Amino acid sequence: MVSASASTSSLARQVGGLLLSSSRTAAAATPRIASTSHLTIVRHSHVGSTPLDLPASTSISILPFPPHPNPSRPLLPSLRHARSILVTGPKGSVVVPLHSCIKLSQSDSVISLSVKDSSQNKQRGTWGLTRSLLSNALHGVSEGHTLSLQLVGVGYRVSLEADPLPRRSKLDVALSGAKSFFLSEEAKRAEIEREEKVRAEAEKAGNVRLHIRLGYSHPVLLPVPWGIQVQIPQPNRIVLKGADKEQLGLFASQIRSWRKPEPYKGKGIFVDQETIRLKTTKKK
């Protein structure tokens, strides 16, 4: 019995040694992969690298100063070294910021954007953002943007009426103040000229405001900003049209803030195809 167990253990040791030697031989024969830490990986923005088509009735020009949406306040640090893209078309004009890390090239009716260093996340994000803003501007000045709002609730009504009150823009406030934050006189003149064009077009149609009934003890009166056209196809529906998509969204958000949709009865102001999930009330 002792001799049989000894022979079995020796056989097991021999088999184990053969397996170990074969594994070492296979590991030695396997080629080693060199480290890729020194390699430069080129990354692209799928949104930013997509070229844009320039419509026939649209033109773009690059201004040597950044856009200043509110001259009565200091400019954001990220925009101090930027330039402006002025997009002009039959529906109006829109200004898009062009950061210093973005390069714009135009060949016939095709616009391409590139970035200096695509390995930096911030530059890649700015790349795609600039392309999206420029695409919205081209569509806005050529065809226009549309945004609809639906008033859902008993007694919720809206109408359009003339605005008898005087109106002042952010540029008027900055020019009348003791200090404005324009970076140069050229930027100041360009902003004044653009404001005068928008104001002249708005004064032809007349200043209007929204008269909204939302269940309060008083009506909500909202002046319509210059550059936005408002239509009331139904007493509980508002249609906004304009060239600047950002301006449309801000005004729609201002209207919606007076009656945000609530989840129990489904009442409120809904923007476009906005939906909410209704909650069930607690039963006693």
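- Under the annotation held in an unreviewed UniProt entry, the protein carries the name Related to MRPL6 - mitochondrial ribosomal protein, large subunit and is attributed to Ustilago bromivora.
- Entered under Sequence similarities (unreviewed entry) in the UniProt record, the comment concerning the protein runs "Belongs to the universal ribosomal protein uL6 family."

A short note on the layout of surface pockets
Line of reasoning, step 1. There is about 170 Å³ of room inside the second largest pocket.
Line of reasoning, step 2. Residue lining of the second largest pocket: Ser78, His99, Cys101, Gln120, Lys122, Gln123, Thr126 and Leu129, and that is the complete set.

Brief notes about the pattern of salt bridges
Line of reasoning, step 1. Counted according to the given criterion, the structure contains 5 salt bridges.
Line of reasoning, step 2. Between Arg209 and Asp163 there is a salt bridge whose closest N-O contact spans 3.9 Å. Taken together, the residues span a long stretch of sequence, with Arg209 in strand β9 (residues 208-213) and Asp163 in the loop between β8 (157-162) and α3 (170-176) at a distance of 46 residues.
Line of reasoning, step 3. Judged by its relative accessible area of 14%, Arg209 falls in the buried class.
Line of reasoning, step 4. Note on Asp163: relative accessible area 12%, which makes it buried.
Line of reasoning, step 5. A salt bridge links Glu195 to Arg199; its shortest N-O distance comes to 3.9 Å.

Quick notes on the packing of aromatic side chains
Within a pair of aromatic rings, the relevant descriptors are the distance that separates the centres and the angle that separates the planes.
Line of reasoning, step 1. This model, assessed by the stated rule, comprises 1 aromatic pair.
Line of reasoning, step 2. Ring geometry for Tyr216 and Trp258: centres 6.3 Å apart, planes at 70 degrees, overall edge-to-face. Remark: Trp258 occurs in the loop between α5 (245-256) and β13 (268-271) and Tyr216 occurs in the loop between β9 and β10 (220-223); sequence separation between them is 42 residues.
Line of reasoning, step 3. Over the face of the ring belonging to Tyr216 we find Arg259, whose NZ or CZ atom lies 4.5 Å from the ring centre.

Cut-offs applied
- Residues numbered from 1 in each chain as written.
- Predicted model: local features only at pLDDT ≥ 70, side-chain atom pairs only at ≥ 80, totals over all residues.
- Heavy atoms only, no water.
- UniProt positions renumbered as here; feature names shortened; annotations may be inferred.
- 1 Å grid on protein atoms, 1.4 Å probe; cavity = no way out; pocket = protein on both sides within 12 Å on 5 of 7 lines; lining within 4 Å.
- Points joined across faces, edges and corners; volume = space filled by probe spheres on them.
- Salt bridge = Lys/Arg side-chain N within 4 Å of Asp/Glu carboxyl O.
- Helix = DSSP H or I, 4+ residues; strand = E, 2+ residues; numbered from the N terminus.
- Buried < 20%, exposed > 50% of the residue type's maximum accessible area, 1.4 Å probe, protein only.
- Phe/Tyr/Trp six-rings, centres within 6.5 Å; stacked < 30°, edge-to-face > 60°.
- Lys NZ or Arg CZ within 6 Å of the ring centre and 35° of its normal.

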